[in-house]
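Chain by chain, the residues:
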Amino acid sequence: MIIWLVAGTITSVTLVTAQKDNIVVEFASSFGSGGSENGQFAVPQGIALDKSGNIYVVDSGNSRVEKLNPSGKLLLQFGTYGSGDGQFKDPTDITIGKSGNIYVTDQNDNRVEIFDSKGNFLSEFGTFGSGDGQFADPLGIAVDKSGYIYVVDQNNERVEIFSTNHN
């Protein structure tokens, strides 16, 4: 199993092997650097893998998502700064449903945006507030095998659960 560590500011790694309770974790590889060019990151936050092993990184500082192959080569990027469809004001986390749809939390727009596997905007849900289906800083997201979407709503101090027939 390979564990990816994404960080735009780390310049050296001093601990390459860790072992505790018979679990050994070893540094395997890294990719990316700080910046705004293709394959670079400015405040990477969330990470997800698709069924093919491609890596999706939420790059909050660049208001985008980058899709990379397992070796770290850029395949696709989508998103820009803003509040429109397919835009982000502070994307924080990402997950991928079993059909390949991509779900991204957008903290400062208080919503979740949904994209297809090619990065095309499909839909969104959520608004600012404290009621059902509203968010105050959505940070984390996961989709279970039944298609339920779990969103960590930081400032409302809760997890909201949504159902959908598209996962």
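Residues numbered from 1 in each chain as written. Predicted model: local features only at pLDDT ≥ 70, side-chain atom pairs only at ≥ 80, totals over all residues. Heavy atoms only, no water.

Looking now at the pattern of salt bridges. Following the criterion strictly, the structure yields 8 salt bridges and no others. Here E66 makes a salt bridge to R64, at a shortest N to O gap of 2.9 Å. This pair shows no difference in class: E66 is buried, exactly as R64 is. For D109, the salt bridge is made with R111, and the minimal N-O distance between the two is 3.2 Å. On the basis of relative accessible area, R111 is assigned to the buried category, the value being 3%. It is possible to trace a salt-bridge network through shared partners that takes in D106, D109, R111, E113 and E124. (Salt bridge = Lys/Arg side-chain N within 4 Å of Asp/Glu carboxyl O. Buried < 20%, exposed > 50% of the residue type's maximum accessible area, 1.4 Å probe, protein only.)

Bridging between strand β11 (residues 111–115) and strand β12 (residues 121–125) involves 4 bridges; their strand directions are antiparallel. Of the residues in β12, the one forming a bridge with V112 is F125. Hairpin connection, β11 to β12: the antiparallel pair is bridged by 5 residues, and G119 has positive phi, about 85 degrees. (Pairing = 2+ DSSP bridges. Helix = DSSP H or I, 4+ residues; strand = E, 2+ residues; numbered from the N terminus.)

What follows is about the packing of aromatic side chains. The full count for this structure, using the stated rule, is 6 aromatic pairs. The interplanar angle of 80 degrees and the centroid separation of 6.0 Å between the aromatic rings of F115 and F121 together place this pair among those described as edge-to-face. Within the aromatic cluster, the residues linked to one another by ring pairs are F78, F88, F115 and F121. (Phe/Tyr/Trp six-rings, centres within 6.5 Å; stacked < 30°, edge-to-face > 60°.)

Looking now at the side chain of D90. Examined against the element boundaries, D90 turns out to sit in the loop between β8 (87–88) and β9 (91–96). K89 is the oppositely charged side chain nearest to the buried, salt-bridge-free D90, at an N-O distance of 11 Å. Excluding anything up to four places from it in sequence, D90 contacts S60, T105, D106, Q107 and N108. (Lys, Arg positive; Asp, Glu negative; His and termini not counted. Contact = heavy atoms within 4.5 Å.)

A few words now on the sheet that holds β12. By definition, the strands of a sheet pair up through backbone hydrogen bonds, in either a parallel or an antiparallel sense. Ordered in space as β9-β10-β11-β12, the 4 strands form an open sheet in which the pairing is antiparallel. The outermost strands of the open sheet, each flanked by one partner alone, are β9 and β12. Averaged over all pairs of adjacent strands, the angle between their axes in this sheet comes to 20 degrees, without regard to strand direction. (Axes fitted to C-alpha atoms, helices over the stretch in contact; angles between N-to-C directions.)

Quick look at the confidence of the model for the chain now. Considering every residue of the chain, the mean pLDDT works out to 87; 87% of them sit at 70 or more. Segment residues 1–13: pLDDT under 50, and 19 contacts once partners within four positions in sequence are set aside and those in other chains are kept. (pLDDT = per-residue confidence, 0-100.)

It is worth spelling out the side chain of S63 at this point. Here S63 is to be found in the loop between β4 (55–59) and β5 (64–68). With relative accessibility at 5%, the residue S63 sits in the buried group. The contact partners of S63, leaving out residues within four places of it in the chain, are G79, T80, Y81, F88 and P91.

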